[in-house]
Protein chains: 2
Amino acid sequence: MALEHAILVSLLEKPASGYELARRFDRSIGYFWTATHQQIYRVLKRMEDDGWVDARDVPQQGRPDKKEYSVADLGRAALSSWLHDPIEPESVRHDLAVKIRGAAFDDPTALIREVERHRQAHRDRLAHYLAGQARDFTGPKAPTAGAQAPLDAERELQHAVLRGGIAYERMMIDWLDDVLATLARFGPGR
Amino acid sequence: MALEHAILVSLLEKPASGYELARRFDRSIGYFWTATHQQIYRVLKRMEDDGWVDARDVPQQGRPDKKEYSVADLGRAALSSWLHDPIEPESVRHDLAVKIRGAAFDDPTALIREVERHRQAHRDRLAHYLAGQARDFTGPKAPTAGAQAPLDAERELQHAVLRGGIAYERMMIDWLDDVLATLARFGPGR
DNA sequence: GGCGTCATGTAACACGTTACATGATTAG
DNA sequence: CTAATCATGTAACGTGTTACATGACGCC
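Calculation criteria
Residues numbered from 1 in each chain as written. Chains lettered and ligands numbered in written order. Predicted model: local features only at pLDDT ≥ 70, side-chain atom pairs only at ≥ 80, totals over all residues. Heavy atoms only, no water. Helix = DSSP H or I, 4+ residues; strand = E, 2+ residues; numbered from the N terminus. Rg over C-alpha atoms; globule rule 2.2 N^0.38 Å. Buried < 20%, exposed > 50% of the residue type's maximum accessible area, 1.4 Å probe, protein only. Contact = heavy atoms within 4.5 Å. Areas by Shrake-Rupley, 256 points an atom, 1.4 Å probe, with all protein chains shown as cover. Lys, Arg positive; Asp, Glu negative; His and termini not counted. Charge placed at Lys NZ, Arg CZ, Asp CG, Glu CD. Near = heavy atom within 4 Å. Polar contact = N/O pair within 3.5 Å; in protein donor to acceptor, adjacent residues only side chain to side chain. Nonpolar A, V, L, I, M, F, W, Y, C, P; charged D, E, K, R; others polar. Buried area = accessible area lost by both parts, 1.4 Å probe. Salt bridge = Lys/Arg side-chain N within 4 Å of Asp/Glu carboxyl O. Phe/Tyr/Trp six-rings, centres within 6.5 Å; stacked < 30°, edge-to-face > 60°. Lys NZ or Arg CZ within 6 Å of the ring centre and 35° of its normal. Least-squares fit on C-alpha atoms with pLDDT ≥ 70 in both. UniProt positions renumbered as here; feature names shortened; annotations may be inferred. Arc of directions from axis to C-beta.

Within an unreviewed UniProt entry, the label attached to chain A reads PadR family transcriptional regulator, and the organism entered is Streptomyces musisoli.

## Some remarks on the overall build of chain A
The helix and strand inventory of chain A stands at 7 helices and 2 strands. Reading the secondary structure of chain A in the N-to-C direction produces α-α-α-β-β-α-α-α-α. Relative to a compact globule of 190 residues, whose C-alpha radius of gyration would be 16 Å, chain A shows 21 Å and is clearly more extended. Across its three principal directions, the C-alpha atoms of chain A cover 65 × 45 × 40 Å. Each of the 190 residues in chain A was classed as buried or not, and the buried ones make up 51%. Contacts in chain A between residues far apart in sequence, at least 24 positions, make up 58% of those at least 6 positions apart. For chain A, the exposed surface amounts to about 9,700 Å²; the carbon and sulfur share of it is 50%. In chain A, the 27 positive side-chain charges and the 29 negative ones have mean positions that sit 5 Å from each other.

## Notes on the protein's contact with DNA strand D
Around DNA strand D, the surrounding shell holds 23 residues, and the nearest of these are Y19(A), Q60(A), K67(A), Q39(B) and R42(B). Within the backbone of K67(A), a nitrogen or oxygen atom sits 2.9 Å from a phosphate oxygen of DNA strand D. Looking at the surface near DNA strand D, the elements with two or more residues in it are α2 (18–24), α3 (37–49) and β2 (66–71) of chain A together with α3 (37–49) of chain B. Along the lines of polarity and charge, the residues of the surface near DNA strand D split into 6 nonpolar, 8 polar and 9 charged.

## Quick look at the interface of chain B and chain A
Across the contact, 69 residues belong to chain B and 69 residues belong to chain A. Taken as a group, R101(B), F105(B) and L157(B) account for 12% of the area that chain B buries against chain A, more than any other trio of residues on that side. Inspection of the chain B/chain A interface yields 8 salt bridges. With a closest N to O distance of 2.6 Å, R185(A) and E156(B) form a salt bridge.

## Some points on the protein's contact with DNA strand C
Lining the immediate environment of DNA strand C, one finds 24 residues, of which Q39(A), R42(A), G62(A), Y41(B) and Q60(B) sit closest. In this structure, R42(A) approaches DNA strand C through a side-chain N or O atom, which is 2.9 Å from a base nitrogen. In terms of residue class, the surface near DNA strand C is made up of 6 nonpolar, 9 polar and 9 charged.

## Here's the deal with the packing of aromatic side chains
In total, this model carries 3 aromatic pairs over all chains according to the counting rule given. With centroids separated by 6.4 Å and ring planes inclined at 90 degrees, the aromatic side chains of Y168(A) and Y168(B) adopt a geometry described as edge-to-face. Of this pair, Y168(A) sits in helix α7 (residues 148–184) while Y168(B) sits in helix α7 (residues 148–184), each in a different chain. Y168(A) sits in the buried class, given a relative accessible area of 5%. Arranged with centres 4.3 Å apart and planes meeting at 55 degrees, the rings of Y31(B) and Y129(B) form a pair that is tilted. Linking Y31(B) in the loop between α2 (18–24) and α3 with Y129(B) in helix α6 (residues 112–136), this pair joins segments that are 98 residues apart in sequence. Across the pair, Y129(B) and Y31(B) agree in class, each one buried. When the ring centre of W82(B) is taken as reference, the NZ or CZ atom of K99(A) above it lies at 5.2 Å.

## So, the relation of the copies chain B and chain A
Of the transformation placing chain B onto chain A, the axial shift is 0.0 Å and the rotation is 180 degrees, giving an RMSD of 0.1 Å. Both chain copies can therefore be described as sitting about a two-fold axis. If distances are taken from each C-alpha of chain B to the rotation axis, the shortest is found for M171(B), at 3.5 Å. In this assembly, 99% of the residues forming the interface of chain B have copies in chain A that are likewise at the interface, indicating an isologous arrangement.

## Overview of the UniProt feature "domain: Transcription regulator PadR N-terminal" (unreviewed entry) in chain A
This chain's UniProt record puts "domain: Transcription regulator PadR N-terminal" (unreviewed entry) on residues 7–80 of chain A. In the segment residues 7–80 of chain A, helix accounts for 47% and strand for 16%; the C-alpha atoms at its two ends are 13 Å apart.

## Here we look at the side chain of E68(B)
Residue and element names in this part refer to chain B. Its location among the elements puts E68 in strand β2 (residues 66–71). Classification of E68 by relative accessible area gives buried; the value is 18%. Not counting the four nearest positions on each side in its chain, E68 is found in contact with P15, A16, S17, D54, A55, R56 and V58.

## What to know about the pattern of salt bridges
Taken as a whole, this structure holds 26 salt bridges over all chains when the rule is applied. Bridged by salt links that share partners, the residues E88(A), K99(B), E114(B) and R117(B) form one connected network.

## Let's talk about helix α4 (residues 73–83) of chain A
When α4(A) is considered as a whole, its buried residues turn out to be G75(A), A78(A), L79(A), W82(A) and L83(A). Seen from one end, α4(A) has its buried residues packed into an arc of 135 degrees, which puts them on one side. Residues of α4(A) that are exposed and point over 90 degrees away from its buried face: D73(A) and L74(A). Elements in contact with the buried residues of α4(A): α1 (3–13) and β2 of chain A together with α5 (95–102) of chain B.

Structure (structure tokens):
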């Protein structure tokens, strides 16, 4: 399981409250890991109990106070040990692929609109990733001066992961084009 | 949830026992959906209770008897209704991407071997898919004569899904090459 | 005699999703 | 005054994983 570890990475990049983490999981971290706020609060509580993270109450003006979490030594050690532990390459789970094979036993052309919807969603995500790349990973190499080496690793690796997301979305768009061409061959009316 | 529906598709392609289904989920269906035998037995039981599948005892020689399941009318209807129900495009979950971002807070070069292992696994899968494609989707269009139109749809759509798997593995291999090049930039010794 | 395959299951637990709940502040 | 955002949580349920269990047959 990696939600704990995804949270640790995110907190190392910048301490945050549960709420802020949840929003990050809708954005950058969400490129390759999703989680709802309920899950995050539950896991965060366990991590606090286990001493992986420290909580600090931060009073705010005009807003509810928040509990800001940062990574404790135990958490850093847990992350490090996980990083050194080999994991199995996962296999994908694609509802859409199940549908495509299932369409052979129903009307194949009925799936066309669904596939088009998915292709559009992937186009949107691609555009979003490309905008993020242009915003965060072009121009001057280091956004802050000083302490360059470690910052560079963080940025470079974040960028490498983002390039993976971009490659994934491009592949999906091309494949869905292919699927649409295949479905179209079964003609309107069949 | 789509395990039920993946089972329905698989049983429509060919009736099978729980055990045989479990093995299919290690192979062709497993390209895009995984499930262990425990899950399959549990779901199969529920599907039988709900009248989605019919079970038939098949005595065998030199082997334990098996329960062969086939799709009932209710199951066909359930699949059809699911096919017409739009689903949300899922987001991916990549432990490896978490590790890559996490490596910035540990020794980045320690990840190289892990990434190489994953790249090899994806190369193996790609080779496996390509072999399957050569075996099942080249040469004469229909493997059996007669009843062509529906058989063609089944084959064509299976092939389209397999092409997706191939595209996915190629993308992953390329991306992991990219990641390795990035990790290597942090040099041996830093 | 031991290991691998065929075949089916139970039980406990971990993880993920959905719905519900509360309460303050700010923008329209 | 209504809706959205910030902030944290509980409860119930569904799905997925791991471990354990049984038993027959065939191969070395």
